[in-house]
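Observations on chain architecture
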Amino acid sequence: MQILHLFTKTASGKPPTSCDRLWLRRGLGIEGDAHARAGSPRQVLLASAPVLMEHGLRPGDLRENILLDGVVEALVSGQVLQLGEAAQVRIMGDCEPCAYLNTLQPGLAKRINGRRGMLAMVIRDGAVRVGDRTTTLPQTFSAVPNDTRGKLHEFVARIPPGRVVRTTELLVALGLTASHYRAIPVMLKKADAGLPVHRVVGAGGRLLTQHLPDQAEQLAAEQVEIEQGEVRAEFCWEPQQFHALEV
């Protein structure tokens, strides 16, 4: 596939700005982009020109960063894509349609039917230019589920013993919006038995004992120190380690 257009977003919610070149930074995303954030699976959005043509859309309408001339949706979570001479990204999964699409065309979010594009994380630095070719590489990462519950289970299962993740950072790690914040404690309470949900704490490190009554005891057994109902900051898992950047 070939890169047709490049875009960057200087602020969240703002229209994308067309450009000739992007700098991709390992573990962070696109340099200067509003979505550049360690630990986020939403660092880069790849979109398909055929999908835009099918729906009468213009380049940038899907708020993509990189528009390709092929079918991006043929990629699957875990694949590695090289962009140009050096930059590489790890495909994380589908970009879910949102209400914004309906401001372009009534009912577009439903009609586009899971073909808004693919989200990716940067695993190797490099410059990306309009006209560059892309190459699917042989190495693969573990796939990430597309559904919210599956994403939660996959991520929480990987939190190391003796470490915790705040709910605010959990949303980042799962690629979810702030609208999901209030639902997280309930999802943890209803999670499968054996999942280490006790390693998720509230904003500021506070315990979620209303939903996880044995959380303090379980964390204490892992030598996690708690002061006045809050986990000390040094026990928080670093966002840079949320998702693997090496196969």
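Criteria and cut-off values
- Residues numbered from 1 in each chain as written.
- Predicted model: local features only at pLDDT ≥ 70, side-chain atom pairs only at ≥ 80, totals over all residues.
- Heavy atoms only, no water.
- Pairing = 2+ DSSP bridges.
- Helix = DSSP H or I, 4+ residues; strand = E, 2+ residues; numbered from the N terminus.
- Axes fitted to C-alpha atoms, helices over the stretch in contact; angles between N-to-C directions.
- Buried < 20%, exposed > 50% of the residue type's maximum accessible area, 1.4 Å probe, protein only.
- Contact = heavy atoms within 4.5 Å.
- Polar contact = N/O pair within 3.5 Å; in protein donor to acceptor, adjacent residues only side chain to side chain.
- Parallel < 35°, antiparallel > 145°, perpendicular 65-115°, else oblique.
- Left-handed = near helix turned anticlockwise from the far one by under 90°.
- Nonpolar A, V, L, I, M, F, W, Y, C, P; charged D, E, K, R; others polar.
- 1 Å grid on protein atoms, 1.4 Å probe; cavity = no way out; pocket = protein on both sides within 12 Å on 5 of 7 lines; lining within 4 Å.
- Points joined across faces, edges and corners; volume = space filled by probe spheres on them.

Overall, mixed pairing links the 8 strands, which are arranged S2-S1-S6-S5-S9-S8-S7-S11 in an open sheet. Strand pairing shows two members of the sheet lacking a second neighbour, strand S2 (17–19) and strand S11 (134–140), which therefore form its edges. Ignoring strand direction, the axes of neighbouring strands in this sheet form an average angle of 35°. Two elements, strand S1 (residues 3–8) and strand S6 (residues 66–68), share 3 bridges in a ladder whose sense is antiparallel. Note that in S6 the partner of His 5 across the bridge is Leu 67.

Along the polypeptide, Asp 125 turns up in the loop between strand S9 (118–124) and strand S10 (126–129). With relative accessibility at 38%, the residue Asp 125 sits in the partly exposed group. Residues Asp 125 and Leu 28, 97 residues apart in the sequence, show an inter-C-alpha distance of 9.6 Å. Non-local contacts of Asp 125, meaning those with residues more than four positions away in its chain, are made with Leu 24, Arg 25, Arg 26, Ala 86 and Ala 87. From its side chain, Asp 125 meets the backbone nitrogen of Arg 26 in a polar contact 2.5 Å long.

With that settled, consider helix H5 (residues 167–174). Most of H5 is tucked away: 7 of the 8 residues are buried. Regarding H5, the residues found buried are Thr 167, Glu 169, Leu 170, Leu 171, Val 172, Ala 173 and Leu 174. Residues of H5 that are buried sit in contact with helix H4 (148–156), strand S12 (165–166), helix H6 (184–189) and strand S13 (200–201). Just downstream of H5, Gly 175 is the residue with a positive phi angle, here 70°.

The subject of this paragraph is the packing of H4 against H5. Running from N to C, H4 and H5 cross one another at 110°; their axes reach a closest spacing of 10 Å. In this view, H4 runs roughly perpendicular relative to H5, as classed from their interaxial angle. When you trace H4 past H5, the crossing you get is right-handed. Only Leu 170, Ala 173 and Leu 174 of H5 make contact with H4, whose side of the interface consists of Lys 151, Leu 152 and Phe 155. Of the residues belonging to the contact of H4 with H5, the class tally is 5 nonpolar, no polar and 1 charged.

Time to look at empty space enclosed by the protein. A complete count under the given rule lists 1 cavity of 30 Å³ or more for this structure. Here the largest cavity is characterised by a volume of approximately 120 Å³. For the largest cavity, the lining is made up of 14 residues, of which Pro 41, Met 92, Val 144, Lys 151 and Leu 174 are closest to its centre. Every element with two or more residues in the lining of the largest cavity is listed here: strand S8 (87–94), H4 and H5. When its residues are assigned to classes, the lining of the largest cavity shows 7 nonpolar, 4 polar and 3 charged.

On to the sheet that holds S10, then. Pairing is antiparallel in the open sheet, where 3 strands are placed in the order S4-S3-S10. With one partner strand each, in any of the chains shown, strand S4 (29–30) and S10 form the two edges of the open sheet. For strand S3 (residues 21–25) and S10, the ladder comprises 4 bridges, and the chain directions are antiparallel. Note on S10: the bridge partner recorded for Arg 21 is Arg 129.

Shape descriptors only; they carry no functional weight alone.
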